Structures are given as C-alpha cells and as structure tokens.
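Analysis of the macromolecular model
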Amino acid sequence: MRTLVGWGLFAVMAPCPVRVLPAQERTTVGGYGEVHYANPTGPKTPPVVNLARFVVYLAHSFDDRLAFRSELEVEDAKLEGGRPGGEVALEQAYLDYRVAGWITLRTGLVLPPVGIVNETHEPPTFNGVERPGFDHDVIPTTWREIGVGAVGTVPGGSGLAYRVYLVNGLRADGLSAGEGIREGRQEGRQASFANPSMTGRLEWARPGVKIGGSFWYGGTADTNSAVGTGTFGAPVALLSADARYDNGPFAMRAVVATISVSDAEAINATYGQSVGSRIAGGYLEGAYDLLRLFAPASSQKLNAFVRHERYDTQASVPAGVTRDRSLARRITTVGVTYKPTWNTAFKGDYRLLRNAAGAGEGEVLSLGVGYQF
Amino acid sequence: MKRALALLLLTAQTPGGPPAKVAASIARLFGPGARVDTLQVDSGSVLRVSRADSLLGFAAVGNVLGKDQPITFLVAVDPTDRLKDVDILVYREPYGGEVAYEPWRRQFRGKSARDSLRVGKEIRSISGATISVHAVTIGVRRVLAQLTAWHASGAIR
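A quick note: this is a predicted structure, and the numbers were derived from the prediction, not measured.

What to know about the sheet that holds strand E2 (residues 44-51) of chain B
Pairing between the strands of a sheet is mediated by backbone hydrogen bonds and can be parallel or antiparallel. Residues and elements named next belong to chain B. Sheet architecture is open: five strands sit in the order E1-E2-E3-E4-E5, paired in antiparallel fashion. What marks the edges here is a single partner per strand, and that holds for strand E1 (35-41) and strand E5 (83-90). Neighbour to neighbour, the strand axes of the sheet diverge by 25 degrees on average, direction disregarded. Packed onto the sheet, helix H4 (residues 130-153) meets E1, E2, strand E3 (54-65), strand E4 (70-77) and E5 and runs at close to 40 degrees relative to E4.

Right, here's the structure in full:
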C-alpha cells in the first residue's frame, strides 16, 4: 500500500454507497530499489556490490481527473564530481488528464511502451538480479523521452489496452555497434525535437495472460544533412512483440524485437561507428514456484527460473562494416527469486555470457534484493 | 485514518437511494426491478436487495488505494453469503484497468468469507496490473468478511 501524505495510511474504507470520491488534492509517495552483488569468474575480477537503483515515486492528484506522476532515480548510490559512476535522473515526470475510462491524455517525460521491462521495471516484477541483457542492448531500458500521447483501455471489456505517444527522436550520433540505439536516447535533457517520433503499443489481457505488440518509428539525423534530411531522416524503425503467462506455480515470458537502421552506412561514415543496419533478438524465460511442492499453503514464492537470450546488435551490417560476431550474444541465466511478499524479492542467479565469436566469454554469479511499494 | 473515513462518509452519503452507477450494478447482478434499501450498520452502510417478500442478497461499496488513486468497487452476495460478483464502479488510474475485465472478476464468483482469496492461488494475477490486482483482492476480501459477519450477527437481515 502506498502512503497518502496528510491522510495517513488508508487501505479499505468501510463499505458505504459512494459513487465518486470527493474531489480532493492528495500526494502519494512510493518507490522501488535494488542492491546487487556480482562476482564474475576469472582472475582480477573481484566481486562488486552496488546500490544499483533507489527510486522515489511521487504523485499528486489535483482533482478527480488531473494528476502528476513521477519517478526520481539515484543510480549507483552516489554522484560526485570527478569520480566515475553515479547518476541522478528523472525516469518519468508527466501530467495525466483522465478524459474517460478509455482515454487519459498524457504529456511530459514518458516511457516508450516497448517490450515488458521498460514500463514494468520494478525489481520484484522480473527474475534475475540484473535486467535481461536484451533489455539493455536491444530495448534500451529505462527508455524515456518527452512528448504527448494517450493511454487507455478499449471499451467493451475486450481486454485490449493501448498507449500511443509523439515524442522527441533518437540521435544518430549516439548509436553504436555494441549497444545499438541505447546512447541515442535523449532522456529529456535539452533534447532536440528535430525528429518527432511515434511510439505505441496494443496489448491484450486475460487473468494470467498478457500479449502485446509495440513500435517506434522516427528519424535520428537531427540537423546533420550528411546523415539524412527531413523529419524522418535516417529513421529507426522498431517492432516488438511480447507475451507473459502465469498460472500460479508456472510462469513464462518471451519478448522479441527487430530494429531497422536503414541509413546505418551514412551514420557510420559520419560518426565513425559500426552501427548495424538491423538489431534483433529476444528471450524466453520459464519459472516454477518451488514452494508449491514444499509448502503449498504458503503465499510466499520461491521461483526457480531459466532464461535464454539471443540477440545481435549487428544482425545485419551496411557496406563498409565487417560483422563482429562477438556482438551476437547468447546469455543463459539460471537462478531463484524468493518473494516473501509480492512486492519484495531476494534474488540469486548464475549467468553464462556467450557469443558467436567465442571471445571474451564469462560467467557471473549475482545476488540481489529488490522492493517496491 | 479515522478522520479521513469520517470525512469520506460525511460527503459520500447520498440521500434518497443509491447513485446511478450503483443502481445499474445492482440491476445487472440481481435483475431489473429489484427493491433496494439502505441499511446503516456501524460506520458504513449496506444495500439490501429484495423482490416481493424474498431476500435476493446484499451489496456494499468499498474503496481501496491502487498505485495512487482509490478504486471504487461493489461486492454483492446472495442470502447464503456467497459472492455473486464484484463490480469496478470507478477506476481512476491509467494502468491496471484490467481488474474491471469480466474474466478477472469472474474468479470471485461463488466464493465465501471462508475462502482465502489469495493472489497467485485462488485469484490469478494480471501482468502489469499487479498493484491493482492485489488492492482489489484485499478490498473484496475485507468487504466480503464484513458483510458475512454483519449477516451472521443479525446486524443486517
């Protein structure tokens, strides 16, 4: 339960015939965070502990329809001039206007609704200490940009929900061979609006099932005519599909994505990179709650899981680039997630980092804790 | 908590019968033309639904906090305290609205206060709507327990 500042904690009101609560301003505080321990194999790679994320969720309702929502994040615990690491950033900050149940208008710093983890990234919601590598190198979570859009559910109980936004574009000068579009994100900091881009998602839900499809389309040239011209100069086109299934003891999830960078050759010529013309991959994960076998009455969970990721940030390359096969990654993660409550998690996993070149491979043992409230 | 509750009750009471959304929900669950009386019990109120001389059941409205907005729901029971249905009367948040879908609400039908109603066991969750799923399940469990207790004690009849 979240805390309503000035209202104390309220969970369930006594039954009373009330249709709409009185319009009242109120502020809500929540948050999530995670602490990691990572021990890579091999010499001279000591284990590292890190307060990876500390996020404060702050929301305010101005009336029954208008609300502000935000997430302020501290990464790696500390930020200090001249020292490496650390980041303070807004992950989300927007105003919502609820026109009706089926449409809420939104404007501000928003999350492109692509894949599973970008929007639903609280540590207890995913298995594994670290987010999947795919959700770093292919879908660059936590991806956020500034724009306007609409979110809602399709009326009539069809189980369909949508989100669609017009936001600032990516920047070609940040694209890279190894991390794809990741450093092309502008993240709301003096972002160029030269290439307004569209992103959206349609999803279908049933108890225990969610299936979604997402897209992003927009130029990246900014104002560099050597890369491309016009609003959609040097476009990035992303298509992704995802599925989640959970029947209580057994859960699975899968995501695939393909990203086309059609003017990769011009981008590489201009910025001296080796950006792939196609970035693609996905992962499949299965989990089983072991407590169903040992303590079926328990409401806690002990999920044993295995995840296999295959992705390549140079799935295709433009003329002038030799494919680096070490970028064709195959990551297998096995581990457990212990959840004493649905919103806390203690995690442990072992990751096998492999690639098609067989170069620079390794294994990592990780431990972590995560929470959300 | 007490102050908030008092404030809410003060502004929430609607003289002259239930509001339109509640009335529509009752009509859907118990059939059209059912008679609805409002019973005052302790700090809350319960709707008694009857037709002619026979009792059809009871209903009560609850509010539970989702991520940052209250979710207003209705719980209806039959005369044997079995849950007829749950209705989401007002959903105010941009995410998690799947709790209003019939396939999710259907899971509560026929349950009683003796059932534990836990997410992940009796009640299947919905990915991306976890907070709302837990909030509404807790809310339904409490309102169902309250209605059952009041019915057993004769506070509502």
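Observations regarding H4 of chain B
Counted at 1.5 Å a residue, the expected span for H4 of chain B with its 24 residues is 34 Å, and the 35 Å between its end C-alpha atoms agrees. Of the residues one or two after H4 of chain B, Gly 154 of chain B is the one with positive phi, at around 85 degrees.

Examining the nonpolar core
Ala 59, Ala 60, Val 75, Val 140 and Leu 147 of chain B are the most contacted members of the largest nonpolar core, which totals 45 residues. Put simply, the parts of the chain that give this core at least two residues each are helix H2 (20-30), E2, E3, E4, E5 and H4 of chain B. Among the elements that line this core, the one with the most residues is H4 of chain B, at nine residues. The residues contacting Val 75 of chain B, other than those within four sequence positions of it, are Ala 59, Ala 60, Gly 62, Leu 83, Val 86, Val 140, Val 143, Leu 144 and Leu 147 of chain B. Counting residues in each nonpolar core, the second largest holds 37 residues, with Val 110, Val 117, Ile 259 and Ala 264 of chain A among its members.

Description of the confidence of the model for chain A
Looking at chain A, the pLDDT average stands at 93 and 94% of residues meet or exceed 70. Counted against residues more than four places away or in other chains, residues 3-20 of chain A, with its pLDDT under 50, gives 64 contacts.

Each value, and the rule that gives it
Residues numbered from 1 in each chain as written. Chains lettered and ligands numbered in written order. Predicted model: local features only at pLDDT ≥ 70, side-chain atom pairs only at ≥ 80, totals over all residues. Pairing = 2+ DSSP bridges. Helix = DSSP H or I, 4+ residues; strand = E, 2+ residues; numbered from the N terminus. Axes fitted to C-alpha atoms, helices over the stretch in contact; angles between N-to-C directions. Contact = placed C-beta atoms within 7 Å. Expected span 1.5 Å × (residues − 1). Core = buried A, V, L, I, M, F, W, Y, C linked by C-beta atoms within 7 Å. Buried ≥ 20, exposed ≤ 12 C-beta atoms within 10 Å, placed from the backbone. pLDDT = per-residue confidence, 0-100.

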